[in-house]
Amino acid sequence: MAGVAVHLKGIGVSPGVVVGPVAKLSPPPVLPAGMVPSGDPDADIQRTREALDRVRAELGERSAHAASVAVDVLSAQAAMAADPVLAASIFGKIRDGRAAPEAVKDALAAFGEQLLSIGGYLAERAADLEDIGNRVISVLLGLPMPGLPIRDEPFVLLAQDLAPADTATLDAANVLAIVTEQGGPTSHTAIIAKSLGIPAVVACKGAFAVQDGTRILVDGMTGAVVTEPSEEEVAERVGRLAKRRAAVTEYSGPGRLSDGSRVQLLVNVGTSSDIERAGLADCEGVGLFRTEFLFLDRPGAPSVEEQRETYRRLFESFSGRKVVVRTLDAGADKPLAFVRMADEPNPALGVRGFRTARFHPDLLDDQLRAISRAAMGSGADVWVMAPMVATPAEAADFARRAHELGLPLAGAMVEIPAAALRADHLLHAADFLSIGTNDLSQYTYAMDRETGALPELLDPWQPALLELVRITAQAGQRAGKPVGVCGEAASDPQLAVVFAGMGVTSLSMAPVSLAEVRAELSLYSAAQCAKAAELALAERDGESAREAVGTYLDSVLQT
Amino acid sequence: MPEIRAKVGSAVGLHARPAALFAAAAAASPVPVMVCKPGGDPVDARSILSVLTLDARFGDELILSAEGPRAAETLASLAQVLETDHDQAQG
């Protein structure tokens, strides 16, 4: 039955257009305090028996369709729901005068404790048992079944928000798209969806009111969510997606716009295990190598030699390509055992990033020395940059030290509005700038990026943040020096277009985002990118900026 | 009471799928079957949770017991389920 199309709007965090039936993820049931037994234990036992049976049947059904890994867990879960000893224990408690849901909870808890006490594999099964309990109790209380929904056909998963536990068994083959009412662009949902390649829209107000089973369109690029969409709307969106998908398969190699202008595509590397994997990515180098992993969780600083080894490994993986190393970004929020920091009431505004070098100059010099030695003869084009630079004097100090230690290209990260506003002056000494949009957003809006309460304040599309990016990029153009973006924002394909339109020369992101960004950039000319940037800056908030750019870029594709 | 001894044949131990298969086979048997580790308390073999809490690993010996007209054949067939490597069989 086709109803009236209702248009909802969220933040698209993982691109793709799909249409499918909604299945809602319900929260686990909460037992009301002081439940009173019905007074008819036989009837309660009968209801509980039926609830167990229904849960067993659903889990059994699900295991028949599940991917190989999940089959074992699901069939074991189904067997638990059919366990006669468990049932006898529940029924015994009901006869003893417990309300049915409480009897279920207690009996399962007793078995769960036994499994936990054995540990290992069996301890993990305790969570499966708890899940069964939640399902049985929900049936008894007449609530929707909690946990990941079970459906015969692929569905659009709709949730208030997803917790890591919810996504652990998420089956990418069965979930067409994810829509959450809460969350933001950096929420767990966004990260998981991106890594699984499932289209996703977060912060979609009003979405959770959509009824189970409703046919819904999800556009993970624009953030559009449409219930009961018309055939025309689906066709249009799918058509645009097809053009974008074609671009993904058609293009590889260096980033370029449709008129051939270049935008360098780089990857972020932050752990030792990332190094080799990143080397295989289709990218022009590393735009941000975070070095903290070398320093964290150890009693003393790593020696120059130890650091050199690690840098060497990275540089060799990127021989012939560019590698931008960010020097240690420590502070009260990322404390190091060997760097004594005074207690700070507000670590985000304390001595962190390049500021620590004032108090521990040797730490920085040793690191620069190790990078310089590792770079020698490695074949990689090694650049270094300092985190959290606030003033031109800091940028100049860092550049001087790096140059003295044999590193010819030394830049500064722009993460503080002061640095962006004075980018021209930073570039007197700095050889390049790299904008860290996550911190720049946090310091521009005075909103901790770990705080999810007001996601619109964390939206990287907000014009004030974009304005600072533009100021920085234009300073780079005037000075003839590169300006990159290496925050989460660079992995948003349409924001990448906006950055390119402002004159940003490189974008650094997680390897998984490269293909989509490369494809989107390839669809527009430099003039069209500039127009997109202009449109975004003319808007009053992030949501309308995203919408204006999305509509404009769609219109370019439609012609 | 008739008894039979059998060793756990599944490499993963009497966990997950092997435990579910064993409990299901016991549930389908014509007579109730108890299972225990030597010296341990016997538990209902139809109960996957009880079977799991035996924490029987690969090669562990278990004692199956049953009473009734078809006890001997039931025990023999359950012993066989126990000794099969179900993970292997799955491929």
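Predicted model only: the values in this text are computed from it and were never measured. (Residues numbered from 1 in each chain as written. Chains lettered and ligands numbered in written order. Predicted model: local features only at pLDDT ≥ 70, side-chain atom pairs only at ≥ 80, totals over all residues. Heavy atoms only, no water.)

### Overview of the overall build of chain B
Within chain B one finds four helices and four strands. Counting from the amino terminus, chain B carries its helices and strands in the arrangement β-α-β-β-α-β-α-α. Compactness check: chain B gives a C-alpha radius of gyration of 12 Å against a globular reference of 12 Å for 91 residues, within 12% of the reference. For chain B, the C-alpha atoms occupy an extent of roughly 35 × 25 × 20 Å along the three principal directions. Relative to its full complement of 91 residues, chain B shows a buried share of 51%. Here chain B has roughly 4,200 Å² of accessible surface; of this, 51% comes from carbon and sulfur atoms. Charge separation in chain B, taken as the distance between the mean sites of 7 positive and 11 negative side-chain charges, equals 2 Å. (Helix = DSSP H or I, 4+ residues; strand = E, 2+ residues; numbered from the N terminus. Rg over C-alpha atoms; globule rule 2.2 N^0.38 Å. Buried < 20%, exposed > 50% of the residue type's maximum accessible area, 1.4 Å probe, protein only. Areas by Shrake-Rupley, 256 points an atom, 1.4 Å probe, with all protein chains shown as cover. Lys, Arg positive; Asp, Glu negative; His and termini not counted. Charge placed at Lys NZ, Arg CZ, Asp CG, Glu CD.)

### Remarks on the nonpolar core
Ranked by size, the top nonpolar core spans 91 residues in total, and within it A:Phe315, A:Phe499, A:Leu507 and A:Leu521 carry the most contacts. Leave out the neighbours within four places in its chain, and A:Leu521 touches A:Arg256, A:Leu257, A:Ser258, A:Val263, A:Leu265, A:Ala496, A:Val497, A:Ala500 and A:Leu507. Counting 58 residues, the second-largest nonpolar core is a separate cluster that includes A:Leu52, A:Leu108, A:Leu122 and B:Ala66. (Core = buried A, V, L, I, M, F, W, Y, C linked by side-chain atoms within 4.5 Å. Contact = heavy atoms within 4.5 Å.)

### What about the interface of chain B and chain A?
Listed per partner, the contact involves 14 residues of chain B and 15 residues of chain A. With both chains or domains summed, chain B and chain A bury close to 1,300 Å², and 74% of this area falls on carbon and sulfur atoms. Among the residues of chain B in contact with chain A, B:Ile48, B:Leu49 and B:Thr53 are the three that bury the most area, contributing 40% of the side total. Inspection of the chain B/chain A interface yields zero salt bridges. The interface formed by chain B and chain A contains three residue pairs in polar contact (both at pLDDT 80 or more). Elements with a contribution of two residues or more to the side of chain B that touches chain A: α1 (16–27) and α2 (48–53) of chain B. No other element matches α2(B), which puts five residues into the side of chain B that touches chain A. The residue makeup of the side of chain B that touches chain A, split by class, is five nonpolar, five polar and four charged. (Buried area = accessible area lost by both parts, 1.4 Å probe. Salt bridge = Lys/Arg side-chain N within 4 Å of Asp/Glu carboxyl O. Polar contact = N/O pair within 3.5 Å; in protein donor to acceptor, adjacent residues only side chain to side chain. Nonpolar A, V, L, I, M, F, W, Y, C, P; charged D, E, K, R; others polar.)

### What to know about the domain arrangement of chain A
Residue and element names in this part refer to chain A. Domain parsing of chain A yields domain 1 (6–25 + 148–231), domain 2 (41–140) and domain 3 (251–558). Once you take the C-alpha centre of each, domain 1 and domain 3 turn out to be 30 Å apart. Taken together, the contact between domain 1 and domain 3 spans 10 residues of the former and 15 residues of the latter. For the pair domain 1 and domain 3, the summed buried area comes to about 1,000 Å², and 61% of that belongs to carbon and sulfur atoms. The largest share of the area that domain 1 buries against domain 3 comes from Lys 9, Lys 194 and Met 221, three residues that together contribute 43% of it. (Domains from an automatic or database assignment.)

### Observations regarding a negative patch on the surface
All names here are of chain A. On the surface, Glu 456, Asp 541, Glu 543 and Glu 547 cluster together into a patch of negative charge. Along the chain, Asp 541 falls in the loop between α20 (526–538) and α21 (542–558). Looking at Asp 541, the relative accessible area reads 34%, which means it is partly exposed. (Patch = residues over 30% accessible without salt bridge, like charges linked within 9 Å, V, L, I, M, F, W, Y side chains within 5 Å.)

### Some words on the pairing of strand β2 (residues 33–36) of chain B
Residues and elements named next belong to chain B. In this sheet, strand β4 (residues 61–66) lies alongside β2 in antiparallel orientation, the contact comprising four bridges. When the bridges of β4 are listed, Met 34 appears paired with Ser 65. As paired strands, β2 and strand β3 (residues 43–44) are joined by two bridges and run antiparallel to one another. Note on β3: the bridge partner recorded for Val 35 is Val 43. (Pairing = 2+ DSSP bridges.)

### Examining the packing of aromatic side chains
All names here are of chain A. Taken as a whole and judged by the stated rule, the model has five aromatic pairs over all chains. Aromatic side chains Phe 354 and Phe 398 sit 5.8 Å apart centroid to centroid with 90° between the ring planes, which places their arrangement in the edge-to-face category. In this pair, Phe 354 is assigned in the loop between β11 (322–326) and α11 (356–359) and Phe 398 in helix α13 (residues 392–404), connecting sequence segments 44 residues apart. Owing to a relative accessible area of 0%, Phe 398 belongs among the buried residues under this scheme. (Phe/Tyr/Trp six-rings, centres within 6.5 Å; stacked < 30°, edge-to-face > 60°.)

### Observations concerning helix α5 (residues 120–141) of chain A
For α5(A), built from 22 residues, the straight-helix expectation of 32 Å at 1.5 Å per residue is met to within 8% by its first-to-last C-alpha distance of 33 Å. Downstream of α5(A) by a residue or two, A:Gly142 has a phi angle that is positive, lying close to 70°. (Expected span 1.5 Å × (residues − 1).)

### Topic: the sheet that holds strand β1 (residues 3–7) of chain B
Sheet architecture is open: four strands sit in the order β1-β4-β2-β3 (chain B), paired in antiparallel fashion. Strands at the two margins of the open sheet, each flanked by one partner only, are β1 and β3 of chain B.

### Looking at the sheet that holds strand β12 (residues 381–386) of chain A
What links the strands of a sheet is backbone hydrogen bonding, and the strands pair in either a parallel or an antiparallel sense. All names here are of chain A. If you walk around this closed barrel you meet the eight strands as β9-β10-β11-β12-β13-β14-β15-β16, and the pairing is parallel. Between one strand axis and the next, the sheet turns by 30° as a mean value, whatever way the strands run. Here two bridges tie strand β15 (residues 483–485) to strand β16 (residues 506–509), and the two strands are oriented parallel to one another. Looking across to β16, one finds that Val 485 is bridged to Leu 507. Packed onto the sheet, helix α17 (residues 463–479) meets β13 (410–414), β14 (433–435) and β15 and runs at close to 150° relative to β15. (Axes fitted to C-alpha atoms, helices over the stretch in contact; angles between N-to-C directions.)

### A look at helix α8 (residues 231–250) of chain A
All names here are of chain A. For α8, with 20 residues, the first-to-last C-alpha span of 28 Å sits near the 28 Å given by 1.5 Å per residue. Taken together, the buried positions of α8 are Glu 233, Val 234, Arg 237, Arg 240, Leu 241, Arg 244 and Ala 247. One face of α8 carries all of its buried residues, which in axial projection span an arc of 150°. The outward face of α8, more than 90 degrees from its buried face, is lined by the exposed residues Glu 231, Glu 232, Ala 235, Thr 249 and Glu 250. (Arc of directions from axis to C-beta.)

### Details of the environment of B:Ser29
Residue and element names in this part refer to chain B. Along the chain, Ser 29 turns up in the loop between α1 and β2. On the basis of relative accessibility, which here comes to 15%, the residue Ser 29 falls in the buried class. Along the sequence, Ser 29 and Val 51 sit 22 residues apart, while their C-alpha atoms lie 16 Å from each other. With near-sequence residues (within four places) excluded, Ser 29 lies in contact with Thr 74 and Leu 78. Side-chain polar atoms of Ser 29 contact the backbone oxygen of Ala 25, separated by 3.0 Å.

### A short note on unusual backbone geometry
Phi is positive for A:Glu228, which is not a glycine, with a value near 45°. Phi at B:Asp55 is positive, roughly 50°, even though this residue is not glycine. Inspection of the secondary structure puts B:Asp55 in the loop between α2 and β4. With a relative accessible area of 14%, B:Asp55 lands in the buried category.

### Brief notes about the packing of helix α10 (residues 304–317) of chain A against helix α12 (residues 361–375) of chain A
Residue and element names in this part refer to chain A. Axis separation between α10 and α12 bottoms out at 8 Å; the angle between their running directions is 45°. By the angle between their directions, the pair α10 and α12 is classed as oblique. Here α10 runs over α12; the crossing is right-handed. Along its contact with α10, which presents Val 304, Gln 307, Arg 308, Tyr 311, Arg 312 and Phe 315, the element α12 presents Asp 366, Gln 367, Ala 370, Ile 371, Arg 373, Ala 374 and Ala 375. The residue makeup of the contact of α10 with α12, split by class, is seven nonpolar, two polar and four charged. (Parallel < 35°, antiparallel > 145°, perpendicular 65-115°, else oblique. Left-handed = near helix turned anticlockwise from the far one by under 90°.)

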